[in-house]
Structures are given as structure tokens and as C-alpha cells.
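# Fold and contact review
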Amino acid sequence: MNSILNILMVCGALQGMLFGIVVLTAKRFHVHSNKYLAKMVIFISLNNLNYWLIETKIVKGLAIYEFLYIPWSLLILPMIYLFLRSYLKVETEKRYIYAIKIPFYFFLVIYILLLLLFVLWREWLVENEQFKLCLYDFEEYFSIVYSCLLIFMSLKTIRNYQTKNKIQLKKNESVPIRWLKKLLWAGSVICCLWFLVIAIS
């Protein structure tokens with residue numbers, strides 16, 4: 001059963017990356033919001049591929065792989081948020097786009113330093129494995145809080161959009177808004193389940 005799930009996971013990850021690359025490179029998909037959607041799918045795929053490599057223990061013999069960790073999950077919700085703003089044609093400043101990615105770069109730098117620590121003081125880090133595990137746990141909890149914050153900001157953006165375009169929305173069916181709300185509420189449920197899984201484990 002596990003082997004079937006692993007095959008489905010890696011196939012889904014590869015298919016997601018292929019989809020994302022096609023959307024980013026094909027001219028007919030050159031709508032600005034599609035760029036964020038494609039990146040979101042790629043980051044989800046890379047995150048799943050990383051978990052697949054750990055789950056299948058393919059790289060178990062490579063001790064250094066445990067420290068070659070990239071926190072792709074910290075880029076998934078920012079891409080959804082930026083996609084939402086682009087989809088609703090809400091202007092977003094470039095500095096704001098960079099700022100929303102700061103948590104990813106922050107933890108990336110920390111993990112690069114952890115990798116250097118492994119190379120230079122491997123014995124100490126192996127003996128103090130709890131240090132690494134605490135760092136991973138902190139990143140997991142931070143990811144949940146940050147994801148919830150972005151979901152809240154996304155819902156607030158939708159509400160502001162509806163208030164601003166109240167007259168237009170009365171004339172037309174607001175289906176584009178409805179599916180976005182459902183997606184975000186589903187994301188909220190996933191964050192709650194994510195927190196429970198980490199707390200239990």
C-alpha cells in the first residue's frame with residue numbers, strides 16, 4: 001500500500017512540475033495571475049518530492065541529505081495570496097512581493113548555516129541532534145501561523161474587493177469570488193489538521 005502511495009506521490013510531483021513549467025513558458029498562458037498559480041504548483045510538487053525522498057529512505061545512506069532541506073512550504077501560501085490579488089486585479093507593489101517571501105529566505109539562510117555546521121562540526125551536530133529537530137519543529141509551527149495569517153489577509157482582500165465592487169457584483173454572478181472563498185476556507189481546515197498532526201507527533 002505504501003509503495004502505491006509513494007508512486008502516486010512522485011508521479012504527482014513530477015506532473016505538477018511539468019504543468020508549472022509549461023504554464024510559465026507557453027505564450028498562451030502568459031496571464032499575470034497564471035505565473036503565481038504555476039509557481040504555487042511547482043513549490044507544492046518540490047515540497048512533496050522532498051517528503052517522498054525522506055519517506056522512501058532512498059537517500060538514507062547520505063547523511064548530508066538530512067541537512068539539504070529547502071522550506072518550499074513557506075512559498076506555497078504567498079503564491080496563493082499573490083495569485084488572488086493578481087486575479088482580482090488588485091495592485092501589489094514589488095517591495096510587498098519581496099517582503100512576503102522574507103520568511104522563506106530567512107529559514108533558507110538558517111538551513112544553509114546548518115549545512116555548513118554539519119560540514120565543519122559534524123560530530124557535534126550528530127551528538128546534539130535535538131538542536132536540529134527543535135529547529136525543524138519551530139519552522140513547522142511558524143509555517144502554520146504564517147499560513148493562517150496569509151489566509152486571513154486573502155479573505156480580507158476578497159471582502160475589500162466585494163465592498164469596492166458592490167454595484168458590479170450585483171449585476172454579475174460572483175462565481176469567481178465564491179470558489180476562492182471555498183479554497184481559502186479549505187486551506188484553513190488543512191492548517192488546523194496540520195497543527196494537530198504536529199502536536200500529536
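For the structure, see preceding data.
Note that this is a predicted model, so its numbers are computed, not measured.

### Quick look at the overall build of the chain
Secondary structure summary: the chain contains nine helices and zero strands in total. In sequence order, the secondary structure elements of the chain are arranged as α-α-α-α-α-α-α-α-α. Going through the 201 residues of the chain one by one, you find that 37% of them count as buried. Within the chain, residue pairs in contact and separated by at least 24 positions form 73% of the contacts whose partners lie at least 6 positions apart. Element-wise, carbon and sulfur atoms account for 68% of the exposed surface of the chain, whose accessible area totals about 13400 Å².

### Thoughts on the side chain of S45
Residue placement: S45 occurs in helix α2 (residues 32-56). Only 2.8 Å separates the side chain of S45 from the backbone oxygen of V41, close enough to count as a polar contact. Contacts of S45, omitting those with residues within four sequence positions, involve G12, A13, G16 and M17.

### Topic: the packing of helix α3 (residues 73-87) against helix α7 (residues 129-164)
The relative placement of two packed helices comes down to the angle between their axes together with the axis-to-axis distance. Between α3 and α7, the least distance of the axes is 9 Å, while the angle of their chain directions is 5 degrees. By the angle between their axes, α3 is roughly parallel relative to α7. Residues S73, L74, L77, P78, Y81, L84 and R85 of α3 form the contact with α7, whose own contacting residues are E139, F142, S143, Y146, S147, L150, I151, M153, S154, T157 and I158.

### A few points about the pattern of salt bridges
Across all of its chains, the model carries one salt bridge by this definition. Residues R95 and E93 are paired through a salt bridge, measuring 2.7 Å at the closest nitrogen-oxygen approach. Given a relative accessible area of 65%, R95 falls into the exposed group.

### A word on the packing of aromatic side chains
The description of an aromatic ring pair uses the distance of the two centres, along with the angle that the planes make with each other. One pass over the full model with this rule turns up 12 aromatic pairs. Residues F107 and F138 carry aromatic rings whose centres are separated by 5.8 Å and whose planes lie at 45 degrees to one another, so their mutual orientation is tilted. Of the two residues, F107 is situated in helix α5 (residues 102-120) and F138 in helix α7; the sequence distance between them amounts to 31 residues. Plain terms: the ring middles of F107 and F142 are 5.4 Å apart, the flat faces sit at 50 degrees to each other, and that makes the pair tilted. Of this pair, F107 sits in helix α5 while F142 is found in helix α7, placing the two residues 35 residues apart along the sequence. In this structure F107 comes out as buried when scored by relative accessible area, which is 1%.

### Considering the nonpolar core
Y111 and I158 are the most contacted members of the largest nonpolar core, which totals 33 residues. Looking at this core, the element that brings in the most residues is α3, giving 10 residues.

### Examining the environment of L108
On the secondary structure map, L108 appears in helix α5. On a C-alpha basis, the gap between L108 and Y69 in space is 8.1 Å, while along the polypeptide they are 39 residues apart. Not counting residues up to four positions away in its chain, the partners in contact with L108 are I70 and P71.

### Re a nonpolar patch on the surface
A contiguous nonpolar patch, built from V109, I112, L113, L116, V119, L120, W121, W124 and F131 and spanning about 940 Å² of accessible area, is present on the exposed surface. Looking at which element gives the most residues to the nonpolar patch, the answer is α5, with six residues. Inspection of the secondary structure assignment puts V109 in helix α5. Of the residues examined, V109 reaches a relative accessible area of 47% and is grouped as partly exposed.

### Quick look at the side chain of S73
Relative to the helices and strands, S73 resides in helix α3. Contact partners of S73, with chain neighbours within four places excluded, come to N47, E139 and S143.

### So, the environment of P78
Mapped onto the fold, P78 is located in helix α3. C-alpha separation for the pair P78 and Y36, spaced 42 residues apart in sequence, amounts to 9.0 Å. Residues in contact with P78, not counting those within four places in the same chain, are I100, Y146 and L150.

Conventions and cut-offs
Residues numbered from 1 in each chain as written. Predicted model: local features only at pLDDT ≥ 70, side-chain atom pairs only at ≥ 80, totals over all residues. Heavy atoms only, no water. Helix = DSSP H or I, 4+ residues; strand = E, 2+ residues; numbered from the N terminus. Buried < 20%, exposed > 50% of the residue type's maximum accessible area, 1.4 Å probe, protein only. Contact = heavy atoms within 4.5 Å. Areas by Shrake-Rupley, 256 points an atom, 1.4 Å probe, with all protein chains shown as cover. Polar contact = N/O pair within 3.5 Å; in protein donor to acceptor, adjacent residues only side chain to side chain. Axes fitted to C-alpha atoms, helices over the stretch in contact; angles between N-to-C directions. Parallel < 35°, antiparallel > 145°, perpendicular 65-115°, else oblique. Salt bridge = Lys/Arg side-chain N within 4 Å of Asp/Glu carboxyl O. Phe/Tyr/Trp six-rings, centres within 6.5 Å; stacked < 30°, edge-to-face > 60°. Core = buried A, V, L, I, M, F, W, Y, C linked by side-chain atoms within 4.5 Å. Patch = residues over 30% accessible without salt bridge, like charges linked within 9 Å, V, L, I, M, F, W, Y side chains within 5 Å.

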